[in-house]
Amino acid sequence: MPIHIVGGGPRELLPDLRAYDGKEVQWVGVDHGAETLLEHGLQMVRAFGDFDSLSSEALVRLREMLPELDIWPAEKDKTDMEIALDWAVEQTAGPIRLFGATGGRLDHLFGNVELLVKYAGRPIELIDRQNVITVHRPGAHTVLKDERHRYVSYIPVSETVTGLTLAGFKYPLTNSHISRGSTLCISNELIQSSGTFSFSEGILMMIRSSDFSGCL
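Residues numbered from 1 in each chain as written. Predicted model: local features only at pLDDT ≥ 70, side-chain atom pairs only at ≥ 80, totals over all residues. Heavy atoms only, no water.

Draft legend 1. Here's a closer look at unusual backbone geometry. Phi is positive for Asn175, close to 50°, though the residue is something other than glycine. Considering the arrangement of structural elements, one finds Asn175 in strand β11 (residues 173–179). (Helix = DSSP H or I, 4+ residues; strand = E, 2+ residues; numbered from the N terminus.)

Draft legend 2. View of helix α1 (residues 32–40). For α1, the full list of buried residues reads Gly33, Ala34, Glu35, Thr36, Leu37 and Leu38. Residue Gly41 follows α1 closely and has a positive phi angle near 70°. (Buried < 20%, exposed > 50% of the residue type's maximum accessible area, 1.4 Å probe, protein only.)

Draft legend 3. Main features of the sheet that holds strand β8 (residues 139–144). Spatial strand order, β8-β13-β10-β11: four strands in an open sheet with antiparallel pairing. What marks the edges here is a single partner per strand, and that holds for β8 and β11. Between one strand and the next, the sheet's axes are offset by a mean angle of 25°, whatever the strand orientation. (Pairing = 2+ DSSP bridges. Axes fitted to C-alpha atoms, helices over the stretch in contact; angles between N-to-C directions.)

Draft legend 4. Main features of the nonpolar core. Counting residues in each nonpolar core, the largest one holds 29 residues, and the members touching the most others are Ile5, Leu85, Ile96, Leu98 and Ile124. Broken down by secondary-structure element, the contributors of at least two residues to this core are β1 (3–6), β2 (26–30), α3 (80–91), β5 (96–99), α4 (106–118), β6 (124–127), β7 (131–136) and β14 (204–209). Top contributing element to this core by residue count: α3, with seven residues. Dropping the residues within four chain positions of it, Leu98 is found in contact with Ile5, Met81, Leu85, Leu116, Ile124, Glu125, Leu126 and Ile127. Ranked by size, the runner-up nonpolar core spans 21 residues in total, among them Val6, Leu38, Leu42 and Phe99. (Core = buried A, V, L, I, M, F, W, Y, C linked by side-chain atoms within 4.5 Å. Contact = heavy atoms within 4.5 Å.)

Draft legend 5. Layout of the packing of aromatic side chains. Across all of its chains, the model carries five aromatic pairs by this definition. Seen from their ring centres, Trp27 and Phe99 are 6.1 Å apart, and the 35° between their planes marks the pair as tilted. Here the residue Trp27 occupies a position in strand β2, and Phe99 occupies one in strand β5, the gap between them amounting to 72 residues. The class of Phe99 is buried, set by a relative accessible area of 0%. Aromatic rings pair up to connect Tyr20, Trp27 and Phe99 into one cluster. (Phe/Tyr/Trp six-rings, centres within 6.5 Å; stacked < 30°, edge-to-face > 60°.)

Draft legend 6. Representation of the pairing of β14 within the structure. Of all six residues making up β14, six are buried, and the element is well covered by its neighbours. Every second residue of β14 is oriented toward a common face, with Leu204, Met206 and Arg208 on one face and Met205, Ile207 and Ser209 on the other, all of them buried. Of the pairings in the sheet, the one linking β7 to β14 comprises six bridges and is antiparallel in character. Opposite Asn131, over in β14, you have Ser209 as the bridge partner. Taken together, the six bridges between strand β9 (residues 151–156) and β14 define a ladder with antiparallel strand orientation. Looking at the pairing, Pro156 lines up with Leu204 of β14.

Draft legend 7. Quick look at α4. Taking 1.5 Å per residue, 13 residues should reach 18 Å; α4 reaches 18 Å between its end C-alpha atoms and fits that length. Those residues of α4 lying buried are Asn112, Val113, Leu115, Leu116 and Val117. (Expected span 1.5 Å × (residues − 1).)

Draft legend 8. How the structure looks around the sheet that holds β5. Pairing is mixed in the open sheet, where ten strands are placed in the order β4-β3-β2-β1-β5-β6-β7-β14-β9-β12. In this open sheet, the two edge strands, each paired with only one partner strand, are β4 (70–71) and β12 (188–189). Those strands touched by α4 are β5, β6, β7 and β14, and its axis lies near 165° from that of β6.

Draft legend 9. Representation of the pairing of strand β10 (residues 160–167) in the model. Two strands pair when backbone bridges link them, and β10 and β11 are joined in this way by four bridges, in the antiparallel orientation. Bridging from a neighbouring strand, Thr160 pairs with Ser179 of β11. In this structure, the hairpin formed by β10 and β11 is closed by a connection of five residues, where Gly168 is found at a positive phi of approximately 90°. In the sheet, β10 pairs with strand β13 (residues 194–199) via three bridges, with the strands oriented antiparallel. Paired with Ala167 across the two strands is Thr196, which belongs to β13.

Written out as structure tokens, the structure is:
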């Protein structure tokens with residue numbers, strides 16, 4: 001049961017949300033992201049936020065769709081996105097995708113990336129028009145080639161990532177140790193239909209990117 005959460009980030013950075021829809025998908029709106037879902041004609045199962053930024057028309061439509069809104073005060077100890085993600089993690093062990101979570105205010109961007117770190121190892125993706133971000137715990141992981149996101153970068157989140165091995169990439173690595181602040185693994189590319197990355201200790205971020213803003 002995939003859960004797709006849409007935040008209130010700049011709409012020009014959103015991919016085509018309809019391309020991620022399906023009968024099993026559950027859509028969740030976060031504050032102004034709920035209005036975005038209404039405009040795309042996507043049925044929500046939940047919506048979280050204070051909804052101060054919604055138009056009066058959108059709020060009426062939202063109440064018709066979801067009579068019991070999860071309305072939170074503006075002043076609280078968690079962002080609306082964290083509240084929505086915490087809820088989603090309790091609902092499913094399957095994929096969770098975050099949209100409308102990049103661009104605009106940098107504090108929101110970094111906060112949303114930290115949410116991926118909070119749930120490192122869970123199948124959670126942060127997606128915009130050019131990037132897909134995931135965070136991984138030690139082990140062996142497979143990466144499929146995707147022409148929409150040609151470039152693959154790895155960034156250590158922990159102080160050190162130990163034993164990093166990249167196979168099937170233009171720039172392979174074998175049992176390397178990289179520290180936070182290193183740019184060694186920025187902008188790599190797969191040279192086969194799939195590749196693998198593995199490491200023994202630490203937490204590692206993977207960013208798959210495209211030069212083209214028009215990609216899904």
